[in-house]
Amino acid sequence: MPSFHFQKPLVLRKSNPIEVKNENDEHVGTIEKISSRISFQNNHPLYSYSNDETKKELATLTIEIGWLGEDGSSVVYHNIQPSFDISLKEITSSDHSLHIRGLKQDHRIDIIQPEAKGTIKILLDHTDICHIAIDKSLSGSAVTIEYQENEILPPAFFLLSFFIVRLIKEEF
């Protein structure tokens, strides 16, 4: 199963990019705070054997108020290629400790945390496709993201989901 991992920052700062590694412990890119967004940039194409550094931005997160006529504020995931946006909002009436929902075309995306400080799960059309865990036994805190590849959501979405949860918890 493909995965990403990185050291969980206490605070995400503009001058302090986060190094992202894959399941083979290879450096695949960085997460950076740039102006009013959080950006994931890869050093070389994911799943490529090329070592050429391209530093291409794959996706960003922004906080938006009244996104496309919606009420209230939301976190918006912006995919660069192919270009699409997903608006994500917290579901306050849920039985879970945290429940965030978004839609991509006809597909429902749920990010849930059944118990406070527990594993975060991503469901696509009610199917569990990703787990995000925070391991505090290592030096600092390590975030591990394991996901199933699919045609609806790119790997960058799963990687930035940790920050979607963080923005919803801390900003709203």
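Just so you know, these numbers come straight off a predicted model, no measurement behind them.

A. Structural view of the sheet that holds strand S2 (residues 18-22). Spatial strand order, S1-S2-S3-S4-S5-S6-S7-S8-S9-S10-S11-S12: twelve strands in a closed barrel with antiparallel pairing. Taken over all neighbouring pairs, the strand axes of this sheet differ in orientation by 20° on average, direction set aside. Here strand S8 (residues 98-104) pairs with strand S9 (residues 107-113) via seven bridges, running antiparallel. Bridging from a neighbouring strand, Leu 103 pairs with Arg 108 of S9. Lying on the sheet, helix H1 (residues 155-171) is in contact with strand S1 (3-7), S2, strand S3 (27-34), strand S4 (37-42), strand S5 (56-65), strand S6 (73-79), strand S7 (84-90), S8, S9, strand S10 (120-124), strand S11 (127-135) and strand S12 (142-147); it crosses S5 at an angle near 25°.

B. Structural context of the layout of surface pockets. The space that makes up the largest pocket amounts to roughly 340 Å³. Lining the largest pocket are 14 residues, with Lys 8, Gln 113, Ile 134, Phe 162 and Lys 169 sitting closest to its centre. Per element, the largest residue contribution to the lining of the largest pocket is five residues, and it comes from H1. Across the lining of the largest pocket, the residue classes break down as six nonpolar, two polar and six charged.

C. Seen up close, a negative patch on the surface. Residues Glu 23, Asp 25, Glu 26 and Glu 149 make up a contiguous surface patch of negative charge. Mapping Asp 25 onto the fold places it in the loop between S2 and S3. For Asp 25, a relative accessible area of 46% corresponds to the partly exposed category.

D. Highlighting H1. Taking 1.5 Å per residue, 17 residues should reach 24 Å; H1 reaches 24 Å between its end C-alpha atoms and fits that length. The largest bend along H1 reaches roughly 40° and is located at Ser 161.

E. Quick look at the nonpolar core. Core analysis: the biggest nonpolar cluster contains 42 residues, and Ile 31, Tyr 77, Phe 157 and Phe 163 have the highest contact counts within it. Among the elements that make up this core, the one with the highest residue count is H1 (eleven residues).

About the criteria used
- Residues numbered from 1 in each chain as written.
- Predicted model: local features only at pLDDT ≥ 70, side-chain atom pairs only at ≥ 80, totals over all residues.
- Heavy atoms only, no water.
- Pairing = 2+ DSSP bridges.
- Helix = DSSP H or I, 4+ residues; strand = E, 2+ residues; numbered from the N terminus.
- Axes fitted to C-alpha atoms, helices over the stretch in contact; angles between N-to-C directions.
- Contact = heavy atoms within 4.5 Å.
- 1 Å grid on protein atoms, 1.4 Å probe; cavity = no way out; pocket = protein on both sides within 12 Å on 5 of 7 lines; lining within 4 Å.
- Points joined across faces, edges and corners; volume = space filled by probe spheres on them.
- Nonpolar A, V, L, I, M, F, W, Y, C, P; charged D, E, K, R; others polar.
- Patch = residues over 30% accessible without salt bridge, like charges linked within 9 Å, V, L, I, M, F, W, Y side chains within 5 Å.
- Areas by Shrake-Rupley, 256 points an atom, 1.4 Å probe, with all protein chains shown as cover.
- Salt bridge = Lys/Arg side-chain N within 4 Å of Asp/Glu carboxyl O.
- Lys, Arg positive; Asp, Glu negative; His and termini not counted.
- Charge placed at Lys NZ, Arg CZ, Asp CG, Glu CD.
- Buried < 20%, exposed > 50% of the residue type's maximum accessible area, 1.4 Å probe, protein only.
- Expected span 1.5 Å × (residues − 1).
- Bend = angle between axes of the 7 residues up to and from the residue.
- Core = buried A, V, L, I, M, F, W, Y, C linked by side-chain atoms within 4.5 Å.

Scope: geometric values only; no functional claims are made or implied.
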